[in-house]
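Residue-level listing of the chains:
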Amino acid sequence: MEVSLYSIAIFFCFFIFSVQSSTDSDNPSEIIIRFQQYLQINTAQPNPKYYEAADFIISQAKSLNLGYETLEYVKGKPLVLLKWTGKNQNLPSILLNSHTDVVPVEHHKWKHSPFDANVDQLGNIYARGSQDMKCVGLQYIEAIRRLKSSGFEPIRTVYLSFVPDEEIGGLAGAQSFAESEEFKKLNVGVVVDEGLASPNENYRMFYAERSPWWLVIKATGLPGHGAKLYDNSAMENLLKSIEIVRRFRASQFDLVKAGLKAEGEVISVNMAFLKAGTPTPTGFVMNLQPSEAEAGFDIRIPPTADTTSLERRIYEEWAPSSRNMTFEFQEKTPVYDKFGKPVFTATDSSNPWWALLEGAVKKANGKLGKPEIFAASTDAHYFRDQGLPAIGFSPMANTPILLHEHNEFLNQAEYLKGIEIYESIIKEYTSYIEPTSDAVSREEL
Ligand SMILES: [Zn+2]
């Protein structure tokens with residue numbers, strides 16, 4: 001008898017435990033486990049497990065009864081699109097974008113294995129993608145899970161896009177998607193995409209980003225004996241240009257150092273390569289001045305910059321024909337959208353989505369810093385290129401910025417807090433009804 005009572009008790013304990021763990025999807029540990037599962041899928045470029053990530057996202061969608069489809073603009077690179085249908089499908093929809101790929105890792109430089117998603121004693125979850133940006137992708141889903149279980153019904157439709165290849169330029173993902181016929185049919189009104197962690201208590205919101213211009217300047221000149229002094233050698237001409245570019249770089253950097261401008265507000269220039277010399281099997285010919293020399297620069301330009309004067313500077317000072325120099329761009333991302341307007345999202349009253357997002361964050365007890373320009377590139381610019389407002393936002397406060405670094409982590413409490421923030425944002429966005437012109441004119445009266 002004793003034995004069987006004992007086994008019945010064990011059975012009941014097991015029963016209660018298993019019922020709880022399968023139904024209590026709001027349980028923080030369940031939420032963290034799902035985050036770990038997503039992080040454990042190795043989606044590092046250049047060989048991401050795209051389909052594993054897609055299957056995982058689709059399994060989450062099924063558990064929430066969300067619509068889903070897979071789009072493949074490039075074979076082998078699936079883009080998963082989820083849909084939570086709103087009550088009024090005539091209103092423009094909301095698009096929450098995230099990328100499933102992550103940058104590569106140097107395994108031996110991590111204290112925790114980058115695809116184990118270990119949690120340390122402080123609650124920090126270590127994994128590649130914990131900040132950039134699997135956190136955001138899954139927070140969108142968790143926020144919808146919470147809203148659904150509370151009985152909330154959106155008025156506007158919400159789409160979630162999980163794009164495959166942001167870390168290598170976004171051609172198969174966000175770019176093809178934003179330019180597609182499918183995308184037009186979604187009637188998107190606003191896009192939310194990634195931002196950055198904030199080391200202080202303020203979340204960060206990004207309204208634009210800098211466009212990369214990859215410039216190669218080349219000098220040519222007469223070759224000559226290494227012992228002879230003469231003017232207009234390729235090396236001398238290139239060095240003069242490098243010195244001029246370096247002074248420009250310093251002038252921009254000084255503005256940042258003095259606190260007059262944020263990093264995203266200046267034109268940055270960094271030398272990416274320097275190529276010259278006449279090679280030998282063991283090194284370079286030392287008694288010859290070469291006839292060609294070139295240098296490459298990674299330039300990043302905010303949409304507020306005067307690009308005409310920068311181009312003149314390049315033409316007249318950095319690579320002037322008077323010094324036998326030429327230049328070409330390996331990449332020149334326009335700072336204007338397809339309508340010819342500078343590519344940025346308005347932060348004033350002309351764009352209600354900005355204030356709505358701010359309000360939603362504050363309602364969920366989050367604090368915000370001032371609007372920023374993203375220093376690097378994200379997929380958001382493909383949506384801005386279409387003339388759409390796109391806001392960069394990743395809810396990570398009190399967190400060191402570790403994207404693309406070793407030992408990338410996010411604290412689990414911060415992750416959970418981010419879900420509440422998105423819950424508030426989705427609620428505000430999907431409930432928003434634009435004032436009709438009638439209402440506006442009544443107000444004005
Ligand atoms: Zn990212």
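Residues numbered from 1 in each chain as written. Predicted model: local features only at pLDDT ≥ 70, side-chain atom pairs only at ≥ 80, totals over all residues.

Colleague: I tried to follow the packing of helix 4 (residues 134-149) against helix 11 (residues 412-431) on my own but got confused; where do I start?
Modeller: When two helices pack together, their arrangement is given by the angle between their axes and by how far apart the axes lie. Direction vectors running N to C along helix 4 and helix 11 enclose 65 degrees, while the axes themselves pass 8 Å from each other. Note that helix 4 runs across helix 11; the crossing there is right-handed. When helix 4 is examined against helix 11, the residues Cys135, Gln139, Tyr140, Glu142, Ala143, Ile144, Arg146 and Leu147 are found in contact with a partner set consisting of Tyr415, Gly418, Ile419, Tyr422, Glu423, Ile426 and Lys427. Tallied by class, residues from the contact of helix 4 with helix 11 come to nine nonpolar, two polar and four charged. (Axes fitted to C-alpha atoms, helices over the stretch in contact; angles between N-to-C directions. Helix = DSSP H or I, 4+ residues; strand = E, 2+ residues; numbered from the N terminus. Left-handed = near helix turned anticlockwise from the far one by under 90°. Contact = placed C-beta atoms within 7 Å. Nonpolar A, V, L, I, M, F, W, Y, C, P; charged D, E, K, R; others polar.)

Colleague: Whenever I open this one, the packing of helix 9 (residues 352-363) against helix 11 confuses me. Can you help?
Modeller: For the pair helix 9 and helix 11, the least separation of the axes is 8 Å and the interaxial angle reads 135 degrees. One way to sum up the angle between helix 9 and helix 11 is to call them oblique. You can see that helix 9 and helix 11 cross each other, and the crossing is right-handed. Contacts between helix 9 and helix 11 involve Leu356, Leu357, Gly359, Ala360, Val361 and Lys363 from the former and Ile421, Ser424, Ile425, Glu428 and Tyr429 from the latter. Here the residues of the contact of helix 9 with helix 11 are counted per class, giving seven nonpolar, two polar and two charged. (Parallel < 35°, antiparallel > 145°, perpendicular 65-115°, else oblique.)

Colleague: Whenever I open this one, the sheet that holds strand 3 (residues 93-99) confuses me. Can you help?
Modeller: Across a sheet, paired strands are connected by hydrogen bonds in the backbone, their directions being either parallel or antiparallel. Pairing is mixed in the open sheet, where eight strands are placed in the order 1-2-6-3-7-20-9-19. Edge strands, defined here as strands with exactly one partner in the open sheet, are strand 1 (67-71) and strand 19 (372-374). When the angles between neighbouring strand axes are averaged without regard to direction, this sheet yields 30 degrees. Sheet topology places strand 1 next to strand 2 (residues 79-84); five bridges connect them, and they run antiparallel. Paired with Tyr68 across the strands is Leu82, a residue of strand 2. Strand contacts of helix 3 (residues 50-63): strand 1, strand 2 and strand 6 (158-163), with the helix running at about 10 degrees to strand 2, the strand carrying the most contacts. (Pairing = 2+ DSSP bridges.)

Colleague: Just checking my understanding: could you explain the sheet that holds strand 21 (residues 409-411) for this structure?
Modeller: Spatially, 4-5-21 is the arrangement adopted by the three strands of the open sheet, whose pairing is antiparallel. Two strands close off the open sheet at either side, each with one partner strand: strand 4 (118-119) and strand 21. Here helix 11 sits on the sheet and contacts strand 4, strand 5 (124-126) and strand 21; the angle it forms with strand 21, its principal contact strand, is near 70 degrees.

Colleague: Just to check I follow, could you spell out the domain arrangement of the protein chain for this structure?
Modeller: How big an interface is tends to be stated in terms of the accessible area lost upon association of its parts. We note that the domain assignment places domain 1 (26-208 + 342-431) and domain 2 (211-301 + 305-332) within the protein chain. Centre-to-centre, using C-alpha coordinates, domain 1 lies 38 Å away from domain 2. Opposite the five residues of domain 1 that make contact, domain 2 presents six residues. In terms of residue class, the side of domain 1 that touches domain 2 is made up of three nonpolar, one polar and one charged. (Domains from an automatic or database assignment.)

Colleague: I would appreciate a short explanation of the UniProt feature "binding site: Zn(2+) 1" (unreviewed entry) in the protein chain in the present structure.
Modeller: Here the UniProt-annotated "binding site: Zn(2+) 1" (unreviewed entry) positions come out as His99, Asp132 and Glu194. Annotated residues spanning 96 residues; largest pairwise C-alpha distance 8.9 Å, indicating a single compact cluster. Within the element layout of this structure, His99 appears in strand 3. Filtering out sequence-adjacent residues up to four positions away, His99 remains in contact with Met133, Val163, Glu166, Glu167, Gly173 and Asp379. If you trace the backbone, Glu194 turns up in the loop between strand 7 (188-193) and strand 8 (202-203). Beyond its immediate sequence surroundings of up to four residues, Glu194 is in contact with Ser98, Met133, Val136, Thr378, Gly392 and Ser394. (UniProt positions renumbered as here; feature names shortened; annotations may be inferred.)

Colleague: Quick question: what am I supposed to make of the pairing of strand 20 (residues 390-393) here?
Modeller: Two faces, one strand: in a regular strand the side chains alternate between the faces of the sheet. Of the two faces of strand 20, both are covered, the one formed by Ala390 and Gly392 as well as the one formed by Ile391 and Phe393. Note: strand 7 against strand 20, three bridges, orientation parallel. For Val192, the partnering residue across the bridge sits in strand 20 and is Ile391. Pairing geometry for strand 9 (residues 205-209) and strand 20, over two bridges, is antiparallel. Bridge pairing links Met205 to Phe393 in strand 20. (Buried ≥ 20, exposed ≤ 12 C-beta atoms within 10 Å, placed from the backbone.)

Colleague: Hey, could you run me through the environment of Phe344 in this one?
Modeller: Along the polypeptide, Phe344 turns up in the loop between strand 17 (325-332) and helix 9. In this view, Phe344 contacts Tyr207, Ala208 and Pro303; residues no more than four positions away in its chain are not counted.

Colleague: So what exactly am I meant to see when it comes to the pairing of strand 16 (residues 292-301) here?
Modeller: Most of strand 16 is tucked away, with seven of its 10 residues classed as buried. When strand 10 (residues 211-220) meets strand 16, the two strands line up antiparallel, connected through 10 bridges. Paired with Ile217 across the two strands is Ala295, which belongs to strand 16. Where strand 12 (residues 268-276) lies against strand 16, eight bridges are found, and the strand directions are antiparallel. By the bridge assignment, Ala276 is partnered in strand 16 with Ala293.

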